Amino acid sequence: MPIEASPGGGTLRGESTLSTLEIKNLHAKIEDKEILRGVNLTINQGEVHAMMGVNGSGKSTLAYILMGHPAYEVTEGDILLDGESVLEMEPDERAHKGLFLAFQYPTAIPGVNVANFLRLSANAVQKARFQEANPDAEYKAPPVAEFRKRLVEKMGVLKMDRSFMARYLNEGFSGGEKKRMEILQMAMLEPKFAIMDETDSGLDIDALRIVAEGVNAQLGPGLGVLVITHYQRLLEYIKPQFVHVMINGRIVADGGPELAKELDVKGYDWVRAEFAPEEAPVAAETPALARASLGVKQSLTGRQ
Amino acid sequence: MDTTLTRPAEAPQMRGFSREAVEALSRAKGEPDWALEARLAAWEIYDNTPLPTQRDEAWRRTSLRALKLDDVRPFGATRGLARSLDEIPAAVRAGLEEGGEGGRDLRASFEASGTTPRAGLLLQHNSSVLYHTLNEDVAAQGVIFTGLDEAVRDHPELVQRYFMTGAVPPTHDKFAALHGAFWSGGTFIYVPRNCAVELPLQSRVYADADAPAVFAHTLIVAEEGAEVVFIDEFVSPTGEGQGFSDGAVEIYTGQGAQVRYFSVQDWGRHVYHFNTQRVVAERDSTTRSLSILLGSKLTKSNVESALDGPGATSEMLGIYFGDGTQHFDQHTLQDHLKPNTTSDLLFKGVLRDRARQVFAGLIRVEPGAQKTDAYQANRNLLLSDKARVDSMPKLEIGANDVRCTHGATMGQVDRDQLFYLSSRGLERSEAERLIVEGFLDEIIQRIPLEEVRDRLHAAIQQKMGLPAREGDEG
Ligand SMILES: Nc1ncnc2c1ncn2[C@@H]1O[C@H](COP(=O)(O)OP(=O)(O)O)[C@@H](O)[C@H]1O
Ligand SMILES: [Mg+2]
């Protein structure tokens with residue numbers, strides 16, 4: 001018998017046990033260039049983590065690899081979602097399993113209508129989740145009117161005009177419009193884990209506030225977030241419990257919100273000198289610390 | 001008068017083209033002398049024109065070596081007209097309704113009512129028109145919508161004036177000459193002065209998988225200030241042997257008249273298809289054409305507009321989707337003969353597997369055709385490494401105060417676009433379909449007829465090897 005799938009019919013967030021996303025000793029390269037050199041990070045559902053680091057340190061690479069970009073090759077290590085490796089999964093399967101990437105540079109797709117795309121995408125994800133949960137039942141997509149209602153509601157939170165629906169996906173969008181579209185998709189797809197790559201870049205302060213509100217409205221026990229940024233600014237609006245610093249493809253420091261503030265005051269050279277002198281452009285005398293922790297490291301790993 | 005659909009006369013066993021075959025065809029049709037003479041004149045031209053080889057510039061990339069002209073049956077049995085749809089034999093009717101690859105359900109458009117009302121419908125099976133109908137109110141205004149064979153009998157003065165005299169004369173090329181000698185069936189549309197036919201007229205030609213040669217002709221005459229929309233469809237299932245089709249489309253858009261012409265060619269994959277379409281556009285007229293090319297084994301077509309009066313505008317759109325080993329060779333001509341004329345050409349196509357597309361587009365501006373505004377673009381999306389495109393835009397400009405723009409592009413599906421869409425949960429095939437439809441949307445959104453749009457979406461779906469789907473939300 002077909003079971004009516006409500007908007008939350010394919011939801012992942014109601015599950016009783018909390019999910020975990022583990023990145024283990026991840027090494028990756030592109031065109032023979034090694035970019036990630038042993039990344040370790042665990043995110044639990046419900047946690048907000050920030051990943052900071054200067055341009056070129058490998059943050060976007062990590063984000064792409066988490067989502068399954070085919071250009072990067074993982075040479076060592078693993079990515080586990082609830083203990084299951086996602087490395088062999090196509091990006092669409094990862095999306096079905098609950099991963100979401102808000103792109104630093106969202107791709108424009110000429111001729112593809114926003115409303116049509118959002119519905120196809122939401123249906124594909126909900127269908128896969130529904131069938132995972134009910135292998136013997138037939139999935140029935142929610143009626144268009146119901147989808148529209150949910151879409152309009154989410155667009156309202158992000159202060160997006162209805163005219164967006166008739167536009168081509170990201171085509172001719174301003175920087176701020178693109179970022180809102182990313183957060184809108186995140187809201188529609190209800191992931192377990194969202195990676196937000198430089199969602200603050202290119203936003204003026206008003207747009208930043210709106211986008212941050214859009215994200216905060218989604219926070220809760222069902223969502224784990226990795227906020228990638230190289231400024232402290234965004235973290236005043238989306239408050240992380242954990243902060244990590246990446247240098248040259250490695251996480252060199254973990255801490256709480258105070259790490260981001262300290263970084264803001266003292267700069268990346270300070271982190272480098274303090275925690276990863278072997279990575280410093282100028283040779284340092286301090287003995288190398290593989291990875292330093294500031295206070296909250298225990299709670300970070302405590303759940304593993 | 002015999003109006004019932006009798007058993008067809010014994011189909012002629014002739015093979016290959018000859019003067020005797022021309023005479024036999026004309027006799028079978030009971031044509032007047034002038035019609036036979038026109039056929040024989042065209043035959044002379046055909047007979048004196050060498051078969052093009054790849055040494056000819058227009059045929060450099062298209063080989064006819066595998067084409068066996070001597071095997072072609074030049075015409076089939078002639079049939080009487082059916083008085084109603086019910087008189088059409090069930091098997092033929094099924095073909096007309098569902099013809100083409102993939103068995104798409106075209107019933108909605110066949111029923112000239114309901115969601116897709118038509119002012120008139122004409123149905124042709126192989127080389128004979130079977131049935132046509134025209135809304136009475138439209139007919140009362142003097143509009144003619146009939147089979148061309150009947151027009152020879154009933155409207156000789158109009159046919160003699162327009163048929164292969166100006167737009168596509170038999171001298172155009174060897175296949176136009178062959179067409180002039182062996183044309184059969186086809187549609188004649190005449191719209192008198194200042195008469196606007198609001199609903200579209202539609203013809204559908206259905207050929208059997210083993211049909212004899214099809215020489216369909218479309219002749220549209222829109223007098224001064226007239227308006228008409230016409231949908232011309234050609235479908236057949238794929239057969240074992242060699243199929244042959246040689247068509248011509250002539251469109252006369254009178255002063256200030258407006259013509260929209262849509263053609264959908266979805267022949268079986270065994271058909272060699274040759275076609276020349278030419279618009280003759282008078283002063284201040286607007287003609288918009290869209291050629292949708294999906295079928296055939298090999299298509300060699302000419303799409304031309306002669307801008308023959310100041311203020312004339314011609315929009316020439318093309319969509320093609322080649323798969324398997326299909327070979328398309330499309331030549332376009334924007335022929336600016338008079339000053340202040342505008343042409344806007346956009347041909348977009350998708351190629352997968354080992355399909356091949358040749359595009360040769362010429363903008364020609366005659367001396368004196370000042371203030372010409374001509375735009376030409378050919379864009380290609382390749383879905384495989386083995387698909388191939390040659391695109392050759394060309395300008396011949398004889399006036400100095402003109403604006404001519406042209407360009408060609410080709411590219412593979414963008415990897416970042418694919419990644420973006422699949423990261424949103426869409427399967428690769430679905431992501432590719434969205435990108436393809438998006439690529440073609442620039443043209444699809446210019447199509448005002450929902451049925452033509454639906455037909456295209458269905459064709460894209462089928463060409464991409466995806467199962468038929470429910471309609472998308474716009
Ligand atoms: N497609 C690519 N080809 C070659 N090098 C790349 C590519 N993508 C990223 N890189 C290199 O990888 C390094 C990390 O880049 P990225 O992950 O974008 O850093 P971030 O997001 O921290 O600024 C940089 O040195 C960059 O030049
Ligand atoms: Mg980056």
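Residues numbered from 1 in each chain as written. Chains lettered and ligands numbered in written order. Predicted model: local features only at pLDDT ≥ 70, side-chain atom pairs only at ≥ 80, totals over all residues. Heavy atoms only, no water.

K.L.:
Before we go on, may I ask you to explain the overall build of chain B in this structure?
P.N.:
When its secondary structure is counted, chain B shows 11 helices and 19 strands. For chain B, the spread of C-alpha atoms along the principal axes amounts to about 65 × 55 × 50 Å. Per-residue burial for chain B yields a buried fraction of 59% across its 474 residues. Counting only contacts in chain B whose residues sit at least 6 apart along the sequence, the fraction spanning at least 24 positions is 83%. In the form shown here, chain B has an accessible surface area of approximately 18,400 Å², with 46% of it arising from carbon and sulfur atoms. (Helix = DSSP H or I, 4+ residues; strand = E, 2+ residues; numbered from the N terminus. Buried < 20%, exposed > 50% of the residue type's maximum accessible area, 1.4 Å probe, protein only. Contact = heavy atoms within 4.5 Å. Areas by Shrake-Rupley, 256 points an atom, 1.4 Å probe, with all protein chains shown as cover.)

K.L.:
How do you make sense of the interface of chain B and chain A when you look at a structure like this?
P.N.:
Counting residues at the interface gives 25 residues for chain B and 38 residues for chain A. Both faces combined, the contact of chain B with chain A buries some 2,400 Å², and carbon together with sulfur accounts for 59% of it. Joining chain B to chain A, the criterion identifies one salt bridge. For the salt bridge of R424(B) with E182(A), the shortest nitrogen-to-oxygen distance reads 2.6 Å. The tally of links between chain B and chain A comes to 11 residue pairs in polar contact (both at pLDDT 80 or more). For the side of chain B that touches chain A, the secondary structure elements donating two or more residues are α9 (415–422) and α10 (428–444) of chain B. When the residues that make up the side of chain B that touches chain A are grouped by side-chain class, the tally is seven nonpolar, eight polar and 10 charged. (Buried area = accessible area lost by both parts, 1.4 Å probe. Salt bridge = Lys/Arg side-chain N within 4 Å of Asp/Glu carboxyl O. Polar contact = N/O pair within 3.5 Å; in protein donor to acceptor, adjacent residues only side chain to side chain. Nonpolar A, V, L, I, M, F, W, Y, C, P; charged D, E, K, R; others polar.)

K.L.:
Please clarify how helix α8 (residues 174–182) of chain B should be interpreted in this entry.
P.N.:
In an α-helix, one turn spans 3.6 residues; hence positions three or four apart end up facing the same way. Residue and element names in this part refer to chain B. Most of α8 is tucked away, with nine of its nine residues classed as buried. Within α8, burial applies to K174, F175, A176, A177, L178, H179, G180, A181 and F182. Contacts made by the buried residues of α8 are with α1 (19–29), α2 (33–47), β6 (217–222), β8 (243–253) and β10 (271–281). Residue D173 occupies the N-cap position of α8, its side-chain oxygen lying 2.7 Å from the main-chain nitrogen of F175.

K.L.:
Explanation requested: the site of ligand 1 in the structure shown.
P.N.:
Residues and elements named next belong to chain A. Taken together, 13 residues sit near ligand 1, with G56, G58, K59, S60 and T61 positioned nearest. Note that an oxygen atom of ligand 1 is positioned 2.9 Å from one of the side-chain N or O atoms of K59. Notes on ligand 1: free accessible area 560 Å², of which the protein chains cover 66%. Residue assignment for the shell around ligand 1 shows that the elements contributing at least two residues are β3 (33–44) and α1 (59–67). In terms of residues, the shell around ligand 1 owes the most to one element, α1, which gives three residues. Taken together, the residues of the shell around ligand 1 sort by class into four nonpolar, six polar and three charged. (Near = heavy atom within 4 Å.)

K.L.:
Looking at this structure, I do not really get the sheet that holds strand β5 (residues 73–81) of chain A. What am I missing?
P.N.:
What holds strands together in a sheet is hydrogen bonding between their backbones, with the strands either parallel or antiparallel. Residues and elements named next belong to chain A. Reading across from one edge, β3-β2-β5-β6 is the order of the four strands in this open sheet, with antiparallel pairing throughout. Both outer strands of the open sheet, β3 and β6 (84–85), are each paired with one neighbouring strand and no more. The sheet contacts of α1 involve β2 (20–30), β3 and β5, and relative to β2 the element is tilted by about 115 degrees. (Pairing = 2+ DSSP bridges. Axes fitted to C-alpha atoms, helices over the stretch in contact; angles between N-to-C directions.)

K.L.:
I tried to follow the coordination of the magnesium ion (ligand 2) on my own but got confused; where do I start?
P.N.:
Perfect tetrahedral coordination of a metal by four donors corresponds to 109.5 degrees between them, and perfect octahedral coordination by six donors corresponds to 90 or 180 degrees. Coordination of the magnesium ion (ligand 2) by the protein is provided by S60(A) (OG) and Q104(A) (OE1), with metal-donor distances spanning 2.0 to 2.3 Å. One end of the pair, S60(A), is in helix α1; the other, Q104(A), is in the loop between β7 (99–102) and β8 (109–113), with 44 residues separating them in the sequence. (Donors = N, O, S within 2.8 Å, 3.2 Å for Na, K, Ca; no water.)

K.L.:
What is the right way to look at the pairing of strand β12 (residues 298–307) of chain B in this model?
P.N.:
Along any regular strand the residues' side chains alternate between the sheet's two faces. Residues and elements named next belong to chain B. Among the 10 residues that make up β12, 10 are buried, leaving the element largely enclosed by the rest of the structure. Pairing between β10 and β12: 10 bridges, direction parallel. Of the residues in β12, the one forming a bridge with V279 is S305. Where β12 and strand β14 (residues 327–336) come together, 10 bridges link them in parallel fashion.

K.L.:
Help me understand the packing of helix α4 (residues 144–157) of chain A against helix α5 (residues 175–189) of chain A in this model?
P.N.:
When two helices pack together, their arrangement is given by the angle between the helix axes and by the axis-to-axis distance. Residue and element names in this part refer to chain A. Packing of α4 against α5 brings their axes to within 10 Å, and their N-to-C directions diverge by 135 degrees. Relative to α5, the element α4 is oriented oblique. For α4 against α5, the interelement crossing comes out right-handed. On α5, the residues touching F147, R150, L151, K154 and M155 of α4 are L184, A187 and M188. Grouping the amino acids of the contact of α4 with α5 by side-chain chemistry returns six nonpolar, no polar and two charged. (Parallel < 35°, antiparallel > 145°, perpendicular 65-115°, else oblique. Left-handed = near helix turned anticlockwise from the far one by under 90°.)

K.L.:
What is the right way to look at the nonpolar core in this model?
P.N.:
As a rule of thumb, nonpolar side chains are buried together in soluble globular proteins. Formed by 125 residues in total, the largest nonpolar core has its most connected members in L62(A) and L421(B). Per-element accounting of this core gives the leading share, eight residues, to α10(B). Looking at which domains feed residues into this core, each of domain 1 (19–308) and domain 2 (414–474) of chain B gives three or more. Look past the residues within four positions of L62(A) in its chain and what remains in contact with it is I23(A), L26(A), L36(A), V39(A), M51(A), L226(A) and M246(A). (Core = buried A, V, L, I, M, F, W, Y, C linked by side-chain atoms within 4.5 Å. Domains from an automatic or database assignment.)

K.L.:
Looking at this model, I keep getting lost on the domain arrangement of chain B. Mind explaining?
P.N.:
Where the parts come together, the accessible area they lose is often given as the size of the interface. Residue and element names in this part refer to chain B. Splitting chain B by domain gives domain 1 (19–308) and domain 2 (414–474). Distance from the C-alpha centre of domain 1 to the C-alpha centre of domain 2: 30 Å. Counting from both sides, the interface comprises 21 residues of domain 1 and, opposite them, 13 residues of domain 2. Buried surface at the junction of domain 1 and domain 2, both sides included, amounts to about 1,300 Å², of which 64% is carbon and sulfur. Across the contact surface, domain 1 and domain 2 share three salt bridges. Across the contact surface, domain 1 and domain 2 share three residue pairs in polar contact (both at pLDDT 80 or more). Of all the secondary-structure elements, those providing two or more residues to the side of domain 1 that touches domain 2 are β7 (227–235), β9 (258–266) and β11 (286–293).

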